[in-house]
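# Reading the structure
Listed here are the chains, written in short residue letters.
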Amino acid sequence: MERYKEKEKVLVFASREICYMSSNFFANQIGAAFEELGFAAEICELSKGDDLDEKLEPYIGGKYRLILDFNSMLPRMETEDGVPYLDKLCGPFFDYILDHPLFHYNGLTCGAKNLHAIVLDEAQKQYVKEYYPGVSDVHMLPLGATKALYDGEKEAECRILFPGTYDSPDAVYELVKASPEPLRGMMKALIERRVSEPLLPMEEAFRQYLFEQGMELSVGQFALFMNSMYPVDAYVRDYFRKAALDELLARRLPVTVIGEGWEKYKGAEESSLKRERAVPFALSFERIAKAHVLLNVSPIFNRGMHDRIPAGMANHTVVLTDENPWLAEQFADGGDMAFYSLEKMDTLADAAERLLGDPALRGRIAENAYRTYEAGHTWKCRAEAILKMADAVR
């Protein structure tokens, strides 16, 4: 890659405390990658109780090659003179959005001239372009991953590991039922559609619903309704997490879940299930490195990639993931990872049985995946890609 000017500065924020302290971890990982590329990386971590004016004021007027944050709170902030804080920063600001942009309505409509978005999914990229015209530009770029410090043997028993948060779909559905009309009817219709067509992006499901109902919404109204229907995305996520676990446990395949909320999971067959306590995000890679197979269930990124996938690739752990068009373009089934279909959940158990029973197959996939990770999915690769985005702003 082109050599950048030595010690040019980049600024990385961790303005929001995301679950398992992941935003702080991401900020420090990509900050280290910028340092490796020859930049001086400044990291600003904000915590509850901070005097925000005091912590943020020093960065106003400083010249930065780029400024980055994850699920940022900064687009909502203004200085005393009513100017968006982002527009006081000297350098393009990139908000790395780690879930569906519908959750970030307030930030994406803040009116700041210096706001660029990065999302994890191609369909979500098009969604921001179409429904948030105030955003200067939007890019699709999956997160990078980190190699664990642990370099020992895999755990003695070959099990399937799923690291993630869980809530009961029925509990989420209560939010839907408690919503006023017309939201309640809309959300029920979208849930039914997305459960039957898991590769259908939420915004496309909503467009189809509006067309069938003979309804029209402006761009702004569409984005606002999407934001109001956030329980749909939450329900779909947990519905398929439960469905995946139900399928694996019905065949008594060994599964370990780690994360918050799994005490809420109730299945007909739990004899082969182990639950582990949640750990800070930085320690999750150590746990992944000890596992043989890493399960990914991500219907909310059906044109992109959740960070569980490169995490497994980086740590010689075979990734078993729901297939989507973007993943099928980028990776080889049985080469870099193993695919299953959310529409045919028995394909998950079939693929899991093959992996659990074939150590040689696991070894080949894990080695191929690690080479693919090294070539294109490290934090250094992500830093280089974001620098190119900043180049385009110049």
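## So, the environment of Gly 91
Along the chain, Gly 91 turns up in the loop between β3 (66-70) and β4 (93-96). Looking at Gly 91, the relative accessible area reads 17%, which means it is buried. Here the alpha-carbon distance between Gly 91 and Ile 67, two residues 24 residues apart in the chain, equals 6.3 Å. Apart from the residues within four sequence positions on either side, Gly 91 is in contact with Tyr 64, Ile 67 and Asn 114.

## So, the side chain of Arg 159
Looking at the secondary structure, you find Arg 159 in the loop between β6 (137-140) and β7 (160-163). Polar contacts involving the side chain of Arg 159 include one to the main-chain carbonyl oxygen of Ser 272, which spans 2.8 Å. Sequence-distant contacts of Arg 159, defined by excluding residues within four places in its chain, comprise Pro 254, Val 255, Thr 256, Ser 272, Leu 273, Lys 274, His 292, Val 293 and Leu 356.

## What about empty space enclosed by the protein?
Inspection of the entire model under this criterion finds 1 cavity of 30 Å³ or more. Put simply, the largest cavity is a space of about 40 Å³. Lining the largest cavity are His 100, Asp 121, Ala 123, Gln 124, Arg 194, Pro 201, Met 202, Glu 203, Ile 300 and Asn 302. For the lining of the largest cavity, the secondary-structure elements that each account for two or more residues are α4 (122-131) and α7 (202-213). Its residues placed into classes, the lining of the largest cavity shows 4 nonpolar, 3 polar and 3 charged.

## Some points on a nonpolar patch on the surface
Taken together, Phe 103, Leu 175 and Tyr 230 make up a surface patch of nonpolar side chains, about 270 Å² in accessible area. Position of Phe 103 among the secondary structure elements: in the loop between β4 and α3 (105-108). According to the relative accessible area criterion, Phe 103 is partly exposed, its value standing at 32%.

## Details of the sheet that holds strand β11 (residues 318-322)
The strand order across the open sheet formed by 6 strands is β9-β8-β7-β10-β11-β12, and the pairing between neighbours is parallel. Edge positions in the sheet fall to β9 (273-276) and β12 (338-340), since each of these pairs with one other strand and no more. With strand direction ignored, the average angle separating the axes of adjacent strands in the sheet is 25°. Relative to β12, β11 runs parallel, the two being bridged by 3 bridges. Paired with Thr 321 across the two strands is Phe 339, which belongs to β12.

## A word on the sheet that holds strand β2 (residues 40-45)
The 6 strands lie next to each other as β2-β1-β3-β4-β5-β6, forming an open sheet whose pairing is parallel. Looking at which strands have only one partner, the edges of the open sheet turn out to be β2 and β6. This sheet shows a mean twist of 20° between the axes of neighbouring strands, independent of strand direction. Across 6 bridges, strand β1 (residues 9-14) lies against β2 in parallel orientation. Counterpart to Val 10 in the pairing with β2 is Ala 41.

## Looking at a negative patch on the surface
On the surface, a cluster of negative charge is contributed by Asp 51, Asp 53, Glu 54, Glu 57 and Glu 80. For Asp 51, the position within the fold is in the loop between β2 and α2 (52-56).

So, how was this worked out
- Residues numbered from 1 in each chain as written.
- Predicted model: local features only at pLDDT ≥ 70, side-chain atom pairs only at ≥ 80, totals over all residues.
- Heavy atoms only, no water.
- Helix = DSSP H or I, 4+ residues; strand = E, 2+ residues; numbered from the N terminus.
- Buried < 20%, exposed > 50% of the residue type's maximum accessible area, 1.4 Å probe, protein only.
- Contact = heavy atoms within 4.5 Å.
- Polar contact = N/O pair within 3.5 Å; in protein donor to acceptor, adjacent residues only side chain to side chain.
- 1 Å grid on protein atoms, 1.4 Å probe; cavity = no way out; pocket = protein on both sides within 12 Å on 5 of 7 lines; lining within 4 Å.
- Points joined across faces, edges and corners; volume = space filled by probe spheres on them.
- Nonpolar A, V, L, I, M, F, W, Y, C, P; charged D, E, K, R; others polar.
- Patch = residues over 30% accessible without salt bridge, like charges linked within 9 Å, V, L, I, M, F, W, Y side chains within 5 Å.
- Areas by Shrake-Rupley, 256 points an atom, 1.4 Å probe, with all protein chains shown as cover.
- Salt bridge = Lys/Arg side-chain N within 4 Å of Asp/Glu carboxyl O.
- Pairing = 2+ DSSP bridges.
- Axes fitted to C-alpha atoms, helices over the stretch in contact; angles between N-to-C directions.
- Lys, Arg positive; Asp, Glu negative; His and termini not counted.
- Charge placed at Lys NZ, Arg CZ, Asp CG, Glu CD.

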